[in-house]
Amino acid sequence: MRAVVQNDKSRTSRVLRAATAPGPRGRATTVAVLLAVAALAAGCAQGADVRGAPGQEPLQAPPARALDGYAAKLRAAQAARVAAAKRWNLAKVPLTAPEPPAKKPEIKARDGFEVEGQEENGLPPVFTTIPTKEKIVFLTIDDGAEKDRGFLTMMSELKIPYTVFLTDEEIKDDYGYFKKMQGRGVNLNNHTLSHPYLPGLSYAEQKREICGMQDVMEKRYGKRPVLFRPPFGNYDRDTLRAAKTCGIEYAPIWNEEVFVDHWEYREWDQDLHPGDIVLTHFRGRGDWDGTMTDMARRFLDRITAEGYAVARLEDYL
């Protein structure tokens, strides 16, 4: 049976039209327009004594006041992001991802990553990129070995979404760390019980690794994930058959991997692309010359400089 093996070394007119421009730049324009409209509306409401005909009550302007309140929230949120970027020593404030599409993209196995009976048996697709033209990437983090409290705070303050794939052997010493992460809106997913080379195991053994981790996830975090990442990115047909039996719908892997001091690429051009899934690991100074916050800073500075924002993977599945 063919095994698919990856290389994982680590374990209102022109302004309004502009406001609807797609992508992070368009969203930034939208915010600016809303702020401007709110300011003008608030000024009109406060600076003019609007009166009706004799015997009528003076006209009120609740829409202006509502816009002013919304604009104040936007200003406060942006100020908080600016302060967080400065606090975490980022070169620039990270860009905000556009809203996910109302109609989700069709996710298929990447060419060359299929197994026998892939479509006929409805096996979870293995893919490295989400089909999109938006300048977004998806940050995913594997295993759970390092429990960096600073990383939790950093990503929460910066409002950066990410998706994790957990291995029980690495998280059982501190399930609570990932419970806190879940409480901050992060989805926790399956990366097997013990991180083995799955194609070297029998179907029954692979099923135990995947379904066993589903049981752990349900017991500890209240739900059985539908996302699964095979360790090292290695799998065969039995892997995907077992995963489907365990309730898995998707098996995303990655197109780039980021470390604290360098990036590695799958594609020949050694570059980022819209919709790429980026891998990193829960690691610290014991494995890297730096911390997870150092890795996150490197990642965010790089993608922001190239005009990319981080989107939430689950919003596109």
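Below is a summary of the structure that appears in this document.

Parameters and conventions
Residues numbered from 1 in each chain as written. Predicted model: local features only at pLDDT ≥ 70, side-chain atom pairs only at ≥ 80, totals over all residues. Heavy atoms only, no water. Helix = DSSP H or I, 4+ residues; strand = E, 2+ residues; numbered from the N terminus. Buried < 20%, exposed > 50% of the residue type's maximum accessible area, 1.4 Å probe, protein only. Areas by Shrake-Rupley, 256 points an atom, 1.4 Å probe, with all protein chains shown as cover. Core = buried A, V, L, I, M, F, W, Y, C linked by side-chain atoms within 4.5 Å. Contact = heavy atoms within 4.5 Å. Axes fitted to C-alpha atoms, helices over the stretch in contact; angles between N-to-C directions. Parallel < 35°, antiparallel > 145°, perpendicular 65-115°, else oblique. Nonpolar A, V, L, I, M, F, W, Y, C, P; charged D, E, K, R; others polar. Disulfide = S-S within 2.5 Å. Phe/Tyr/Trp six-rings, centres within 6.5 Å; stacked < 30°, edge-to-face > 60°. Lys NZ or Arg CZ within 6 Å of the ring centre and 35° of its normal.

Another aspect to go through is the overall build of the protein chain. Counting secondary structure elements, the protein chain contains 9 helices and 12 strands. Across the 317 residues in the protein chain, those meeting the buried criterion constitute 47%. About 15,700 Å² of surface is accessible on the protein chain, with carbon and sulfur atoms providing 52% of the total.

Further remarks concern the nonpolar core. If you look at the biggest cluster of nonpolar residues, it comprises 44 residues, and the most contacted ones within it are Tyr162, Met181 and Phe299. Looking at this core element by element, the count peaks at 6 residues for helix α9 (residues 292–305). When neighbours within four sequence positions are excluded, tyrosine 162 is seen to be in contact with Leu139, Ile141, Phe151, Leu152, Met155, Met181, Val186 and Asn187. Counting residues in each nonpolar core, the second largest holds 26 residues, with Phe113, Phe165, Ala251 and Leu313 among its members.

Before going further, it helps to examine the packing of helix α4 (residues 149–158) against helix α6 (residues 175–183). Two packed helices can be described by the angle between their axes and the distance between those axes. Where α4 contacts α6, the two axes come as close as 11 Å, and the packing angle between them is 5°. With respect to α6, the axis of α4 lies roughly parallel. Listed contacts from α6 to Arg149, Phe151 and Leu152 of α4 are Tyr177, Lys180 and Met181. Of the residues contributing to the contact of α4 with α6, the split by class is 4 nonpolar, no polar and 2 charged.

So, about the state of the cysteines. Inspection of every chain in the model, using the stated rule, returns 1 disulfide. A disulfide bridge connects cysteine 211 with cysteine 246, and the sulfur atoms are separated by 1.8 Å. What sets the handedness of the cysteine 211 and cysteine 246 disulfide is the S-S torsion sign, and at about -100° it is left-handed. Within this pair, whereas cysteine 211 is found in helix α7 (residues 203–221), its partner cysteine 246 is found in the loop between α8 (237–245) and β8 (251–252), the two being separated by 35 residues in sequence. Grouping residues by exposure puts cysteine 211 and cysteine 246 together as buried.

Before going further, it helps to spend a moment on the packing of aromatic side chains. Aromatic rings in a pair are described by how distant their centres are and how their planes are angled relative to each other. All chains considered together, the criterion is met by 7 aromatic pairs. Summarising the aromatic geometry, the rings of phenylalanine 151 and tyrosine 162 are spaced 5.4 Å apart at their centres and angled 65° between planes, so their arrangement reads as edge-to-face. Here phenylalanine 151 is found in helix α4, whereas its partner tyrosine 162 is found in the loop between α4 and β5 (163–166), with 11 residues between them in sequence. With relative accessibility at 0%, the residue phenylalanine 151 sits in the buried group. A ring pair is formed by tryptophan 263 and tyrosine 265, whose centres lie 6.3 Å apart and whose planes are at 15°; its orientation type is stacked. The buried category is assigned to tryptophan 263, whose relative accessible area is 10%. On the basis of relative accessible area, tyrosine 265 is assigned to the partly exposed category, the value being 23%. Feature note: the residues Tyr177, Phe178 and Phe282 constitute an aromatic cluster, connected by ring pairs. Positioned above the aromatic ring of tyrosine 203, the side-chain terminus of arginine 241 is 4.3 Å from the ring centre. In this arrangement the basic side chain of arginine 266 is found over the ring face of tryptophan 254, its NZ or CZ atom lying 5.7 Å from the centre.

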